[in-house]
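So you can see what is in the structure, the chains are spelled out below.
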Amino acid sequence: MHRAWFVAAVTFVTIIGAAAFRSVPGLLIDPLHAEFGWSRGTIGAAVSVNLALYGLTAPFAAALMDRFGIRRVVAVALTVIALGSGLTVWMTAAWQLMLCWGLLVGLGSGSMALAFAATVTNRWFTERRGLVSGILTAASASGQLIFLPLLSWIVDRYAWRPAAVTVALAALAVVPFVWLLLHDHPADVGQKPYGAAEFVPKPAPVRGAARRTVSVLLSAARTGPFWLLAGTFAICGASTNGLVQTHFVPAAHDHGMPITAAASLLAVIGVFDVVGTIASGWFTDRFDARRLLAVYYSLRGVSLMFLPLLLVTPSVQPPMIFFIVFYGLDWVATVPPTLALCREQYGEDSAIVFGWVLASHQVGAALVAFLGGVARDTFGSYDVVWYASGALCAVAALMALVIRRRPGAVAAAV
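Residues numbered from 1 in each chain as written. Predicted model: local features only at pLDDT ≥ 70, side-chain atom pairs only at ≥ 80, totals over all residues. Heavy atoms only, no water.

1. Digging into the side chain of serine 360
1) Next: With respect to the secondary-structure elements, serine 360 resides in helix α16 (residues 350–379).
2) Next: Serine 360 gets classed as buried once you look at its relative accessible area, which sits at 15%.
3) Next: If sequence neighbours within four positions are ignored, serine 360 has contacts with Ala230, Phe233 and Ala234. (Helix = DSSP H or I, 4+ residues; strand = E, 2+ residues; numbered from the N terminus. Buried < 20%, exposed > 50% of the residue type's maximum accessible area, 1.4 Å probe, protein only. Contact = heavy atoms within 4.5 Å.)

2. Digging into the nonpolar core
1) Next: Ranked by size, the top nonpolar core spans 111 residues in total, and within it Val74, Leu78, Phe116, Val244, Phe248, Met320 and Trp386 carry the most contacts.
2) Next: The biggest single contributor to this core is helix α8 (residues 160–181), with ten residues.
3) Next: What leucine 78 contacts, discounting residues up to four positions off in sequence, is Thr14, Phe21, Met112, Ala171, Val174, Val175 and Val178.
4) Next: Membership of the second largest hydrophobic core comes to six residues, among which are Val47, Leu51, Ala366 and Ala369. (Core = buried A, V, L, I, M, F, W, Y, C linked by side-chain atoms within 4.5 Å.)

3. What to know about the packing of helix α3 (residues 40–68) against helix α4 (residues 70–87)
In helix packing, the relevant descriptors are the interaxial angle and the interaxial distance, both defined with respect to the helix axes.
1) Next: Look at α3 against α4: their axes get within 7 Å of each other, and the N-to-C directions meet at 125°. In terms of axis orientation, α3 runs oblique to α4. Contacts between α3 and α4 involve Leu64, Met65 and Phe68 on the former and, on the latter, Ile70, Arg72, Val73 and Val74.
2) Next: Residue classes in the contact of α3 with α4 are distributed as six nonpolar, no polar and one charged. (Axes fitted to C-alpha atoms, helices over the stretch in contact; angles between N-to-C directions. Parallel < 35°, antiparallel > 145°, perpendicular 65-115°, else oblique. Nonpolar A, V, L, I, M, F, W, Y, C, P; charged D, E, K, R; others polar.)

4. Looking at the environment of arginine 71
1) Next: Along the chain, the position of arginine 71 falls in helix α4.
2) Next: When the C-alpha positions of arginine 71 and lysine 192 are compared, they lie 19 Å apart, and in sequence the two are 121 residues distant.
3) Next: Not counting residues within four places of it along the chain, the set of residues in contact with arginine 71 comprises Val178, Trp179, Leu182, His183 and Asp184.

5. Things to note about the confidence of the model for the chain
1) Next: Counting all residues, the mean pLDDT for the chain is 81, and 92% of those residues have values of 70 or more.
2) Next: Within the chain, the lowest mean pLDDT, 73, falls on helix α7 (residues 129–158), and the highest, 92, falls on helix α10 (residues 224–239).
3) Next: pLDDT under 50 marks residues 410–414. Its contacts with residues more than four places away, or in other chains, come to 17 contacts. (pLDDT = per-residue confidence, 0-100.)

6. Describing the side chain of asparagine 50
1) Next: Inspection of the secondary structure assignment puts asparagine 50 in helix α3.
2) Next: Apart from the residues within four sequence positions on either side, asparagine 50 is in contact with Trp101, Gly102, Val105 and Gly106.

Right under this line is the structure:
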């Protein structure tokens, strides 16, 4: 078997872990509130720092990998995550939660975002790039599926500290596999990229890549489509990672649903997330990406408007299961058409532009993670947050429709 598949397998496992590390804060809101008396707004602020740094680190992650190598960057990132998660066991003040789970885990997981998957795919594969990219993208949903029920069971049975230790140990356990199997380039082991006709020499470390990342941002920021794409994707992050991933479990628990049941529902979203993303990619090849985004955001907004009515009962009823399936199909369906529009608008710089659009996604998620906690403290429930997010999705649908096509662009961006 070609060495590229071992590299892809280690990458898959690493991204699964990164997804699990990002999923934990939603499970800790109620336990931390009960033990330390911290407001949900304070805890949400730490989560928002985590989400924002995850997004803002992503555009620079590829540059770091070009400069220092994939293996070193990922090994250090996993160690930082383990340090941040492990230190929370001894925390006694809210600023320590900000430092450990916000700063350290945010920086570490951000270094293993989509840029990591894209770098591995581009270096190790000439053929099957689409398949590998899809598998590695699905790893994020798989991590949520695998770890959420386990960690919620640990929190429910043994409290939150064993869950934090589990995350730290899981991060450290991956480091040896990364160091031994995650080679930076096929040339390091004397092989060609998978499917390549000729041997590809290892490129020299790239200096100035971070400078180019910033210059592309400054150039794209002068165009209208960038702000529309960034705005819609910020609302996407606000209505997924910031809202549902962070606050669904405590919101369901407010109405008497066990934490393990709520976390299992959130994990099921990850299953249908994979199906929805693949289907969205197929649609993006055939239909106008702007209209697809408008449809996705409209349907998401309608579903969030109905969620408060579904949370009034502590048991899992068929309407709630329908919401989970419906919402899961839409969770990251917005990624393929957003990426297609970036490609259409910005050509060779599209990958970097998408990195910054992804950063806006996480900034939107960070704001709602914080504001959702503040709203729960102020109003005693999350209802206003669900309704406000539904209205924001309607705004995103309108923003997607007013993006201007480039002259000569086909109806479906490829």
